[in-house]
Amino acid sequence: MLDARSAACTGAMAGIYRKLLDRIIAEPAAVLHGRLSLSPGQKAMVAVRSLARPLLPRRNRVADPTPPAAATPAPGRRP
């Protein structure tokens, strides 16, 4: 639902946070010793991947068979 530029920015931030979470999972005590961050090179690689993503062919996605939450009224309530 986002335009390409916004989607790339959002993808880059998500990628950066994903890499940080991977580092925390690998070494949980690291957060107790200081702030974790990615190097400028690592951030650049994440950004390049995010910018290239719209150019790559889309993978086949399986649709979620469950209806959206708003489509199902809560029990005891009128739709």
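The structure contained in this document is the topic of the report that follows. (Residues numbered from 1 in each chain as written. Predicted model: local features only at pLDDT ≥ 70, side-chain atom pairs only at ≥ 80, totals over all residues. Heavy atoms only, no water.)

1. Structural notes on the overall build of the protein
Thought 1: Helix and strand counts for the protein come out as three helices and zero strands.
Thought 2: Reading the helices (α) and strands (β) of the protein from amino to carboxyl end gives α-α-α.
Thought 3: Across the 79 residues of the protein, 14% fall into the buried class.
Thought 4: When the accessible surface of the protein is totalled, it reaches about 7300 Å², and 62% of it is carbon and sulfur. (Helix = DSSP H or I, 4+ residues; strand = E, 2+ residues; numbered from the N terminus. Buried < 20%, exposed > 50% of the residue type's maximum accessible area, 1.4 Å probe, protein only. Areas by Shrake-Rupley, 256 points an atom, 1.4 Å probe, with all protein chains shown as cover.)

2. With respect to the nonpolar core
Thought 1: Ile16, Leu20, Ala30, Leu36, Leu38 and Val46 together form the largest nonpolar core, which totals six residues.
Thought 2: With residues up to four places along the chain from it excluded, the contact list for Ile16 reads Leu38, Lys43 and Val46. (Core = buried A, V, L, I, M, F, W, Y, C linked by side-chain atoms within 4.5 Å. Contact = heavy atoms within 4.5 Å.)

3. A few points about helix α1 (residues 4–26)
Thought 1: Between its terminal C-alpha atoms α1 stretches 32 Å, which fits the 33 Å expected from 23 residues at 1.5 Å a residue.
Thought 2: Within the span of α1, buried status applies to Ala8, Gly11, Ala12, Gly15, Ile16 and Leu20.
Thought 3: Looking at the buried residues of α1, the elements they touch are α3 (40–52). (Expected span 1.5 Å × (residues − 1).)

4. Comments concerning the pattern of salt bridges
Thought 1: Tallying each qualifying case throughout the model produces one salt bridge.
Thought 2: For Asp22, the salt bridge identified is with Arg18, shortest N-O distance 2.9 Å. Here Asp22 and its partner Arg18 are both found in helix α1, four residues apart, which amounts to about one turn of the helix. (Salt bridge = Lys/Arg side-chain N within 4 Å of Asp/Glu carboxyl O.)

5. Concerning the packing of α1 against α3
Helix-helix packing is characterised by the crossing angle of the two axes and by the distance between the axes.
Thought 1: Direction vectors running N to C along α1 and α3 enclose 140°, while the axes themselves pass 8 Å from each other. Here α3 runs oblique to α1, going by the angle between their axes. α1 and α3 meet at a crossing whose hand is right-handed. Residues Ala8, Gly11, Ala12, Gly15, Ile16 and Lys19 of α1 pack against Lys43, Val46, Ala47, Arg49, Ser50 and Leu51 of α3.
Thought 2: For the contact of α1 with α3, the class distribution of residues is six nonpolar, three polar and three charged. (Axes fitted to C-alpha atoms, helices over the stretch in contact; angles between N-to-C directions. Parallel < 35°, antiparallel > 145°, perpendicular 65-115°, else oblique. Left-handed = near helix turned anticlockwise from the far one by under 90°. Nonpolar A, V, L, I, M, F, W, Y, C, P; charged D, E, K, R; others polar.)

6. Brief notes about the environment of Met45
Thought 1: Its location among the elements puts Met45 in helix α3.
Thought 2: For Met45, a relative accessible area of 44% gives the class partly exposed.
Thought 3: Sequence-wise, Met45 and Ala12 are 33 residues apart; in three dimensions their C-alpha atoms are separated by 9.2 Å.

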